[in-house]
Amino acid sequence: MKTPIHEYFARTPDLAALCTQNGWPDNDSLRIDILEETPDRVHCAVSFDEILVEGAGCVAGRVRCWARFRVERDARGRVIAAIREM
């Protein structure tokens, strides 16, 4: 079962900003590691493969991308904000 945090990162454009080769995030490779958790906040490491495509539309390769985020949640555990930590 996917968590609300996983579902958030699978849909947010925040991950595309981490892509460095003009590719896009592969949601099948999305991994979220919880580093610290409180009732209203989660610090996590998010990683995924960036899919690289050739001009003909064929997959040319993959690049591993990652970042740390502070995820803020409401009382029901839904994500209300995800702030990238530097």
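This is a predicted model, so every value here is computed, not measured.

K.L.:
Help me understand the packing of aromatic side chains, please; the structure alone is not making it clear to me.
P.N.:
Tallied over the full model, the rule gives 2 aromatic pairs. When the centroid spacing of 5.3 Å and the interplanar angle of 85° are considered together, the rings of Y8 and F9 count as edge-to-face. As far as burial versus exposure is concerned, Y8 and F9 are alike and both buried. Here the aromatic residues Y8, F9 and F69 are joined through ring pairs into a cluster of three or more.

K.L.:
Can you walk me through the nonpolar core in this structure?
P.N.:
Here is a general trend for soluble globular proteins: nonpolar side chains tend to be buried in one another's company. Ranked by internal contacts, the top residues of the largest apolar core, which has 18 residues, are F9, C44, V46, F69 and V71. When residues of this core are traced back to their parent elements, those giving at least two are helix 1 (4-11), strand 1 (24-37), strand 2 (41-53), strand 3 (59-73) and strand 4 (79-85). The contacts of V46, once residues within four sequence positions are left out, are F9, L15, L30, R31, I32, C65, W66, A67 and F69.

The rules behind the values
Residues numbered from 1 in each chain as written. Predicted model: local features only at pLDDT ≥ 70, side-chain atom pairs only at ≥ 80, totals over all residues. Heavy atoms only, no water. Phe/Tyr/Trp six-rings, centres within 6.5 Å; stacked < 30°, edge-to-face > 60°. Buried < 20%, exposed > 50% of the residue type's maximum accessible area, 1.4 Å probe, protein only. Core = buried A, V, L, I, M, F, W, Y, C linked by side-chain atoms within 4.5 Å. Helix = DSSP H or I, 4+ residues; strand = E, 2+ residues; numbered from the N terminus. Contact = heavy atoms within 4.5 Å.

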